[in-house]
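A closer look at the structure
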Amino acid sequence: MEKPAHHLLVCASFRVQGAPQGVCHRKDATSLLQYVQEGLNDRGLSDVMISTTGCMKVCDRGPAMIVYPEGHWYGNLNEDAIDQILDALAEGRVAEKFLLT
Ligand code: FES
């Protein structure tokens, strides 16, 4: 398997023991995963991998996602934010509006 060009890590609030309980889970981050995948498909971004993670410690600004290898941390995700972030990814830009600094 070739390494993907980009890897999206989406917080799903997983805990080591027990069910997801974090803020991103309460904000329904896991339902955004399908939207992210469809957005990648729509843009022909076939070399992007999505993984879910545990808490990224930015709960007050979740749902959160990190884009590697760029290392861009994005927050306050919703469908509009994801559209703008994926547009930026496809065009080799950064979606500054949603960057966590
Ligand atoms: S639960 Fe997502 S950043 Fe903490």
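Below: a short report on this structure. Owing to the predicted nature of the structure, the values given are computational and were not obtained by experimental measurement.

Reading the values: rules and limits
Residues numbered from 1 in each chain as written. Predicted model: local features only at pLDDT ≥ 70, side-chain atom pairs only at ≥ 80, totals over all residues. Heavy atoms only, no water. Helix = DSSP H or I, 4+ residues; strand = E, 2+ residues; numbered from the N terminus. Contact = heavy atoms within 4.5 Å. Pairing = 2+ DSSP bridges. Axes fitted to C-alpha atoms, helices over the stretch in contact; angles between N-to-C directions.

What follows covers the environment of Trp73. Among the structural elements, Trp73 can be located in strand E4 (residues 72-74). Taking C-alpha positions, Trp73 is 14 Å from Arg93, a pair spaced 20 residues apart along the chain. Non-local contacts of Trp73, meaning those with residues more than four positions away in its chain, are made with Met56, Val58, Met65, Ile66, Tyr68, Phe98, Leu99 and Leu100.

This brings us to the sheet that holds strand E3 (residues 65-68). The sheet built from four strands is open, its strands ordered E2-E1-E3-E4 with mixed pairing. The open sheet has two free edges, formed respectively by strand E2 (48-54) and E4, since each of these has just one partner strand. Neighbour-to-neighbour, the strand axes of this sheet turn through a mean angle of 25 degrees, independent of strand direction. Here strand E1 (residues 6-14) pairs with E3 via four bridges, running antiparallel. Bridge pairing links His7 to Tyr68 in E3. Sheet strands touched by helix H2 (residues 29-42): E1 and E2. Its angle to E2, the strand with the most contacts, is close to 170 degrees. Of the strands in this sheet, E1, E2, E3 and E4 touch helix H3 (residues 79-90), which is tilted by about 155 degrees from E1.

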